[in-house]
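Coordinate analysis (summary)
The chain contents come next:
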Amino acid sequence: MSQYGKNYDVIVVGAGHAGCEAALAAARMGCTTLLLTIGLDTVAQMSCNPSIGGLAKGHLVHEIDALGGEMGLNINATGIQFRRLNMRKGPAVRANRAQADRMAYSARMKWVVEREPLLDFKQGMVSDLVCEGERICGVKTREGLEFYGRCVVLTTGTFMRGLIHIGLNHYSGGRAGEPSAEGISSSLAALGLKVGRLKTGTPARLAARTIDFSKLEVQPGDEVIRPFSFITDAIDRDQVCCYIAHTNERTHDIIRSALDRSPLYAGIIEGVGPRYCPSIEDKVVRFPEKISHQSFLEPEGLRSSEMYPSGLSTSLPPDVQQAYFRSMIGFEQVELMRPGYAIEYDFVEPMQLKSTLETRAITGLFHAGQINGTSGYEEAAGQGLIAGINAARLCQNREPLILGRDQGYIGVMIDDLVTQPTTDPYRMFTSRSEYRLLLREDNADQRLTAIGRELGLVTDVRWQKYLEKQEQVARINRILTEEKVTSADHETVTRLKLGELKSGLSLADILRRPEIDIHMLEETCPLLQEYPEKALEQVEIALKYEGYIKRQLEQVERSRELEDVRLPEGFDYNLIPSISSEVMEKLNKIKPGSLGQASRIQGVTPAAIAVIQVYLRKNGIR
């Protein structure tokens, strides 16, 4: 081994979605940072579906953007179709989703990484960790180099002891066409960290020229594009179409007849797969009553003829894959460009992490992304951003950033990871949040931009945009409160069907009615036309859901009583009488940071929380 002649503050291992956000955050906060990756040309690679956002995932992207991360800007620049989902439902669950040009997305993120002043970007496969006692101090690469740093962020994706399965054949690999990372798992285990095994998969990629799109349902993008980043005013570009396809009973028969060649059903795959994204063979077996499964057919890019059939991930042999695709309408002559596959990989149980994403066992060692048992680009990027921030804060001897469950989905996700056992790859849903009306896409900037500014991640341009929007929201609220409609305003009363008005109504009161939207008031109050859609939407939601929002804020205040009771990191729960041995064991293992976090640990009862609270009060521990 030879030592590289430069020491770093932060070393990030892996240049996927988590690694890019971690490295950029640390460097932008003033830390000398090294980003190490197996291949320089696979930055922010979309290993599975070529899209960003979706239900709950779009919320994560908006939060990353509000804090000063890169994902929102990257998809704005490289998206080829944009859609707003769940518009018929409440504002809490509306979400942005965009198809990405997969190659352009990776190329732009590489361009951003390469131009960050304090960030060195190098190729190298990390094979071992360097520690002094219980503190990380660097990494060793397969190429024979040692890099030293004060903090290390591991964002290894599916590469740790990755094993690819296609039918009954399997081989080592971190992703199709790329080697797996060997050595890190054993290093982590030697440090006392519990390492487990998970599985994920991806569908085949299909040749566009061999698909009869005339037989498929067309799914266009939205006419008006809503950007992901708060600093992008508008996106005006031509969009591509996606398509909707369906399996049928013949498809299912082909799959059933080949289950003996499936590694999933032959008992070859050991890792647990994602519960909410099962393979097509799993769907056929688990839901025998269904005669059809839907697939969204998505283009991989403007300069690619590959099509991605979402919902049809598989590990069946290539000949079976081709056969079942050709049984589907529109795919009678289809050619596979790449077969689908399953991949098993190592992860580290995230209950061994602090809420900062630093490991409890090793000071300065942080984990983010699939190494924590999560799935999804957006989940990885959110963790990477927080890990990078907290690695930088540790180097700067500053307090870490811990987002609460009431501050963002990023906070919900991390709290879930460090308090709940991982039984399958974690995926974010809006239902995971008890405060989802407060954690909307539209107000992510209100919740988090000031935090990003204090961290040094929010630029002057972004900060000015944020202040302008806040001022616009305040002005719109003033207009709606001060402008009145009386019985003398016959045209408005009739047009809006306000009925008999005994006294004047403010525009705010009118807007609270469910059948009225803010654009219906523009004829009565032309001033509203001067304001952007983002500000108008935020005001409208706040007014229409005022009562519900107030109730959730009251819930936050009540729960904050427990969140504010901090628990000493090294506290020995065996000292507390009257709590069960099971509760003691879990608390000593997870070491929650607050009483609120302790209350969310599976098996820790309200009675146990009350006993702990009394003990802390009696002994003056806060």
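Heads up: these notes are all about the structure in this document.

Criteria and cut-off values
Residues numbered from 1 in each chain as written. Predicted model: local features only at pLDDT ≥ 70, side-chain atom pairs only at ≥ 80, totals over all residues. Heavy atoms only, no water. Helix = DSSP H or I, 4+ residues; strand = E, 2+ residues; numbered from the N terminus. Rg over C-alpha atoms; globule rule 2.2 N^0.38 Å. Contact = heavy atoms within 4.5 Å. Areas by Shrake-Rupley, 256 points an atom, 1.4 Å probe, with all protein chains shown as cover. Lys, Arg positive; Asp, Glu negative; His and termini not counted. Charge placed at Lys NZ, Arg CZ, Asp CG, Glu CD. Phe/Tyr/Trp six-rings, centres within 6.5 Å; stacked < 30°, edge-to-face > 60°. Buried < 20%, exposed > 50% of the residue type's maximum accessible area, 1.4 Å probe, protein only. Pairing = 2+ DSSP bridges. Polar contact = N/O pair within 3.5 Å; in protein donor to acceptor, adjacent residues only side chain to side chain. Salt bridge = Lys/Arg side-chain N within 4 Å of Asp/Glu carboxyl O. 1 Å grid on protein atoms, 1.4 Å probe; cavity = no way out; pocket = protein on both sides within 12 Å on 5 of 7 lines; lining within 4 Å. Points joined across faces, edges and corners; volume = space filled by probe spheres on them. Nonpolar A, V, L, I, M, F, W, Y, C, P; charged D, E, K, R; others polar. Core = buried A, V, L, I, M, F, W, Y, C linked by side-chain atoms within 4.5 Å. Axes fitted to C-alpha atoms, helices over the stretch in contact; angles between N-to-C directions.

For the rest of this paragraph, the subject is the overall build of the chain. Helices and strands together make up the secondary structure of the chain, namely 19 helices and 22 strands. Against the compact-globule benchmark of 25 Å for 622 residues, the chain has a radius of gyration of 26 Å, which places it among compact chains. Taking the principal axes of the C-alpha coordinates as reference, the chain spans close to 85 × 75 × 50 Å. A fraction of 73% describes how many contacts in the chain between residues 6 or more apart in sequence connect residues 24 or more apart. In the form shown here, the chain has an accessible surface area of approximately 25900 Å², with 50% of it arising from carbon and sulfur atoms. The average position of the 74 basic charges and that of the 80 acidic charges among the side chains of the chain differ by 2 Å.

Turning next to the packing of aromatic side chains. For the structure on display, the rule yields seven aromatic pairs. Look at phenylalanine 213 and tyrosine 243: their rings are 4.6 Å apart centre to centre, the planes differ by 40°, and that puts the pair in the tilted class. Residue phenylalanine 213 is located in the loop between strand S13 (205–207) and strand S14 (217–219), and its partner tyrosine 243 is located in strand S15 (residues 242–246); the two are separated by 30 residues in the primary sequence. A centroid spacing of 6.3 Å and a plane angle of 45° characterise the contact between tyrosine 545 and tyrosine 548, whose relative ring orientation is tilted.

Most of strand S19 (residues 341–348) is tucked away: eight of the eight residues are buried. Residues Tyr341, Ile343, Tyr345 and Phe347 line one face of S19 and the alternating positions Ala342, Glu344, Asp346 and Val348 line the opposite face, and both faces are buried. Sheet topology places strand S10 (residues 163–166) next to S19; three bridges connect them, and they run antiparallel. Residue pairing for S19: isoleucine 164 is matched across the bridge by isoleucine 343. With eight bridges joining them, strand S12 (residues 195–202) and S19 adopt antiparallel strand pairing. Its bridge partner being in S19, threonine 202 is matched across the sheet by tyrosine 341.

Okay, the side chain of arginine 197 next. For arginine 197, the location among the structural elements is in strand S12. Among the polar contacts made by the side chain of arginine 197, one reaches the main-chain carbonyl oxygen of arginine 161 at a distance of 3.0 Å. A distance of 2.9 Å separates polar atoms of two side chains, one belonging to arginine 197 and the other to aspartate 346. If we ignore the near neighbours within four places in the chain, the residues touching arginine 197 are Met160, Arg161, Leu163, Gly271, Val272, Glu344, Tyr345, Asp346 and Phe347.

Inspection of the secondary structure assignment puts glutamate 522 in the loop between helix H14 (507–511) and helix H15 (533–544). Buried charge glutamate 522 goes without a salt bridge, the closest partner of opposite sign being arginine 495 at 9.0 Å. Side-chain polar atoms of glutamate 522 contact the side chain of histidine 519, separated by 2.8 Å. The contact partners of glutamate 522, leaving out residues within four places of it in the chain, are Leu528, Gln529 and Leu536.

Bringing empty space enclosed by the protein into the picture now. Applying the stated rule across the entire model yields one cavity of 30 Å³ or more. Listing elements by their share of the lining of the largest cavity, those giving two or more residues are strand S4 (79–85) and strand S5 (95–100). Among the elements that make up the lining of the largest cavity, the one with the highest residue count is S4 (three residues). Tallied by class, residues from the lining of the largest cavity come to two nonpolar, one polar and five charged.

Moving on, we come to the nonpolar core. Membership of the largest hydrophobic core comes to 78 residues, with the highest contact counts inside it found for Val10, Tyr105 and Ile389. Ranked by residue count, the leading element in this core is helix H9 (residues 377–395), at ten residues. Those residues within four positions of isoleucine 389 in sequence are excluded, and the remaining contacts are Ala25, Met29, Leu401, Leu455 and Leu457.

Turning our attention to the pattern of salt bridges. Side chains that differ in charge, positive against negative, can pair when their charged atoms come close. Applying the stated rule across the entire model yields 48 salt bridges. A salt bridge links glutamate 434 to arginine 405, with the nearest nitrogen and oxygen atoms 3.0 Å apart. Here glutamate 434, found in the loop between helix H10 (409–419) and helix H11 (444–455), pairs with arginine 405, found in the loop between H9 and H10; they are 29 residues apart in sequence, far enough to count as distant. For arginine 405, a relative accessible area of 10% puts it in the buried group. Look at the salt bridges and you will find they share partners, linking Arg405, Asp415, Asp416, Glu434, Glu563 and Arg600 into a network.

On to the sheet that holds S5. Read from one edge of the open sheet, three strands run S3-S5-S4, paired in antiparallel fashion. Two strands bound the open sheet, and with one partner strand each, they are strand S3 (51–53) and S4. For this sheet, the mean angle separating the axes of adjacent strands, direction not counted, is 20°. Two strands pair when backbone bridges link them, and S4 and S5 are joined in this way by six bridges, in the antiparallel orientation. Residue pairing for S5: arginine 84 is matched across the bridge by asparagine 96.

The subject of this paragraph is the sheet that holds strand S18 (residues 336–338). Taken in spatial order, the six strands make up an open sheet running S14-S15-S16-S17-S13-S18, and their pairing is antiparallel. In this open sheet, the two strands that pair with only one neighbour each are S14 and S18. When the angles between neighbouring strand axes are averaged without regard to direction, this sheet yields 35°. Bridge count between S15 and strand S16 (residues 294–299): four bridges; the pairing is antiparallel.

The next point concerns helix H2 (residues 57–66). Of all the ten residues making up H2, ten are buried; the element is thus mostly covered by neighbouring parts of the structure. Of all the residues in H2, the buried ones are Lys57, Gly58, His59, Leu60, Val61, His62, Glu63, Ile64, Asp65 and Ala66. Glycine 68, located one to two residues past H2, shows a positive phi value of around 105°.

Turning to helix H17 (residues 581–590), a few remarks are in order. The periodicity of an α-helix, 3.6 residues per turn, causes residues three or four places apart in sequence to face the same way. Within H17, the full set of buried residues consists of Val583, Met584, Leu587, Asn588 and Ile590. Where H17 is buried, its residues contact H10, helix H18 (595–599) and helix H19 (606–618). Positive phi appears at lysine 591, one or two residues downstream of H17, with a value of about 50°.

The side chains of a regular strand alternate between both faces of the sheet. Taken together, the three bridges between S16 and strand S17 (residues 306–309) define a ladder with antiparallel strand orientation. The partner of proline 299 across the bridge, within S17, is methionine 307. Once S16 ends, the chain turns through six residues before running back antiparallel as S17.

The buried category is assigned to tyrosine 243, whose relative accessible area is 16%. Sequence separation between tyrosine 243 and leucine 168 is 75 residues; the distance between their C-alpha atoms is 32 Å. Once residues within four sequence positions are removed from consideration, tyrosine 243 is found in contact with Phe213, Leu216, Glu217, Val218, Gln219, Ser295, Phe296 and Leu297.

Keep in mind these values describe shape, not function.
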